[in-house]
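Each chain, written out:
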Amino acid sequence: MTINRNWGARLRHGSVGGLRAVTLENELLRVTVLPGKGGDVVEFLHKPTDTDFVWLSPHGLRDPREHLRGAADDVAQFVDHYEGGWQEVFPNGGAPSEYRGARLAQHGEVSGLPWEYEVVADSEREVAIRLSVRTRRLPYRLERTLRLRSGTAALEIGGRAANESGLTLHAMWGQHLVYGMPFLRPGARIRLPDGVRVIPHESAINPEGRRVKAGGPWDWPVVPADGGGEVDLSVIPERGAPSDIVYLTGFETGWYEIMADIGLRVEWDAEVLPYLWLWQELGATTGYPWWGRAYTVGLEPFSSMPTDGLAAAVANGTALALGPGGTRALSMRAEVLA
């Protein structure tokens, strides 16, 4: 039974923008999740400093059920309803792709589906919810448990992917976690473990140019810049810097810290998610979908690369393989560094 409280750890159930929402809160954090839209995290607020770490896109939260008149487009299916925040990505990462006859949209499928949820802990010491969803084009079931303990500024996440078929299947699994203002600002810094390497995306994601020279891999964080010179990827640049995406690899343990006035440390199981996608959209894209209005950086733990979809990850051998009835588990933690 859910117990109403306004102290310690507590839960709130309601709606945001017409979508089902549940908020996990304690003395230090407030985390709002949308089971009705992909299980998205749309608020990760550090209460003592009134700092929300997740980026909110310029067009805000849109209920996908109310936007059905656009032209058919497997990219727009995700982007037109992308409010920022933190999405679970499974079983396709990045661009639309086709896998064994199933057409998968941008970052599809689970980011666009409504999830069920249940309360699994509700006391002043800790609160937790378990979300679950079945994909529609591939026979997978995904679970995600979010837990918040009293007195801590850390969200704990546990995930489980299950193949409900009698066949071996592939998947990409990622955490589409992006940061924006007012937390993110020029000069903010990214810290990673020693030994990380940088793999540039094969081509520029914006016709106007890119930050990192094609080729590599390069040692983190100072890498050759496109057009000459060097660029330090650990420092967040000024607005207008070129859009880019690179893939970071070589994690013995999965963690990063992103620091401005305060910071966030994200830890994850690098055996399951051995790559970290670094996406930078800093205002340089002046066409669809950003129109020069985005200033955001994504630091996204992923099972696979590149952002070309599941078929590309299968071809290069980075896709996860789940055997008949097989499962994979994932643990994560996101903690405020104040």
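Fair warning: this is a prediction, and the values are worked out from it, not measured in the lab.

A.B. asks: Looking at this structure, I do not really get the side chain of T296. What am I missing?
C.D. replies: With respect to the helices, strands and loops of the structure, T296 is situated in strand 24 (residues 296-302). Looking at T296, its side chain comes within polar contact range of the main-chain oxygen of Y179, at 2.8 Å. Aside from chain neighbours lying at most four places away, what touches T296 is W55, V178, Y179, L184, W279, Q280, E281 and L282.

A.B. asks: For this particular structure, what's the right way to read the pattern of salt bridges?
C.D. replies: Enumeration over the complete set of coordinates arrives at 20 salt bridges. Notably, a salt bridge pairs K37 with D40, separated by 2.9 Å at the nearest N-O pair. Note on accessibility: K37 and D40 belong to one class, buried. Across the salt bridge formed by E267 and R265, the nearest N and O atoms sit 2.7 Å from each other. We classify E267 as partly exposed; its relative accessible area is 29%. Linked by salt bridges that have partners in common, E126, R147, R149, E156, R333 and E335 make up one network.

A.B. asks: Hey, could you run me through the pairing of strand 3 (residues 29-34) in this one?
C.D. replies: Consecutive side chains along a regular strand alternate between the two faces of the sheet. Across the 6 residues that make up strand 3, a large majority, 5, are buried. One ladder, built from 4 bridges, connects strand 2 (residues 19-25) with strand 3; its direction is antiparallel. For V22, the partnering residue across the bridge sits in strand 3 and is V33. Between strand 2 and strand 3, which pair antiparallel one after the other, the connecting turn spans 3 residues. What sits between strand 3 and strand 4 (residues 40-46) in their antiparallel hairpin is a turn of 5 residues, with G38 showing a positive phi close to 70°.

Conventions used here
Residues numbered from 1 in each chain as written. Predicted model: local features only at pLDDT ≥ 70, side-chain atom pairs only at ≥ 80, totals over all residues. Heavy atoms only, no water. Helix = DSSP H or I, 4+ residues; strand = E, 2+ residues; numbered from the N terminus. Polar contact = N/O pair within 3.5 Å; in protein donor to acceptor, adjacent residues only side chain to side chain. Contact = heavy atoms within 4.5 Å. Salt bridge = Lys/Arg side-chain N within 4 Å of Asp/Glu carboxyl O. Buried < 20%, exposed > 50% of the residue type's maximum accessible area, 1.4 Å probe, protein only. Pairing = 2+ DSSP bridges.

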